[in-house]
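The residues making up each chain are set out below.
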Amino acid sequence: MHKICTDIIIEAPIHEVWDLLTDFEEYGSWNSFITAITGVIEKGSKLDVHMQLPGMKGIDLNPVITKVQPLHEIRWIGNLWIKGIFDGEHAFRLEELENGRTRLIQCERFRGVLAPLILHLIGDRTKEGFRNMNRELKGACEKRKGFGLKRNVPLAL
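Residue indices begin from 1 for each chain and proceed along its sequence in written order. Per-residue local features are limited, in this predicted model, to residues with pLDDT of at least 70; the limit for side-chain atom pairs, both in listing and counting, is 80 or more; totals at the level of whole chains, interfaces and linings are taken over all residues. Side-chain calculation: all heavy atoms of the structure are included, whereas hydrogens and water are not.

**Describing the packing of aromatic side chains**
Geometrically, a pair of aromatic rings is defined through the distance of the ring centres and the angle of the planes.
Argument step 1. Any two of the Phe, Tyr and Trp rings considered here, Trp counted by its six-membered ring, make a pair once their centres fall within 6.5 Å; the pair's planes then place it as stacked at under 30 degrees, edge-to-face at over 60, or tilted in between. Tallying each qualifying case throughout the model produces five aromatic pairs.
Argument step 2. Residues Trp-76 and Phe-92 carry aromatic rings whose centres are separated by 5.6 Å and whose planes lie at 75 degrees to one another, so their mutual orientation is edge-to-face. Placement of Trp-76 in strand β6 (residues 73-80) and of Phe-92 in strand β7 (residues 86-97) is noted, with a sequence separation of 16 residues between them. The residues Trp-76 and Phe-92 share a single accessibility class, namely buried. For the purposes of this entry, the term helix denotes a DSSP run of H or I that reaches at least four residues, the term strand denotes a run of E that reaches at least two, and both are numbered from the N terminus. For every residue, the accessible area (1.4 Å probe, protein chains only) is compared with the maximum for its type, and the residue is labelled buried under 20%, exposed over 50%, or partly exposed between those bounds.

Structure follows, in structure tokens:
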């Protein structure tokens, strides 16, 4: 198994970070890595995700949400072509910190017979994409801080 993880501290309360992270309609306005997502945030829901690795052509994926813990975690699993060839389990985790700050941890675990080869080709760009998204989420949250984000938690719990 192969894993890529990144994290960042955001100077905004956890609920504001969660609101923007789960506001899929806004992704195109601030996110250069995952430029579009459609779907409902609930366990078992299938998403339509457009991902743009830095310097590469975009790709469309259809992962299934495997975990939703409001204000703390969204996790999904998807694959390229056929399950077992190149599978990825993606997670966004939020940790509430003191002084109204939040840590975002973005990780993906890769499995499958082609995982070592594909990650050799795109692993660095994937990590760069994660870092770009983290910085962009931080910037968007900190810019909006104090301006009262809408409470956008479209969850079916």
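**A word on the side chain of Glu-89**
Argument step 1. Within the fold, Glu-89 resides in strand β7.
Argument step 2. Apart from the residues lying within four places of it in its own chain, the contact partners of Glu-89 are Thr-66, Arg-75, Trp-76, Ile-77, Cys-107, Glu-108, Arg-109 and Arg-111. Contacts are assigned to residue pairs with any non-hydrogen atoms lying within 4.5 Å of each other.

**Quick word on the confidence of the model for the chain**
Argument step 1. In this model, the chain carries a mean pLDDT of 91, and residues with pLDDT of at least 70 account for 91%.
Argument step 2. Note that pLDDT drops below 50 for residues 148-157; the model gives that stretch 24 contacts with residues more than four away or on any other chain. Scored between 0 and 100, pLDDT is the confidence that the predictor attaches to each residue.

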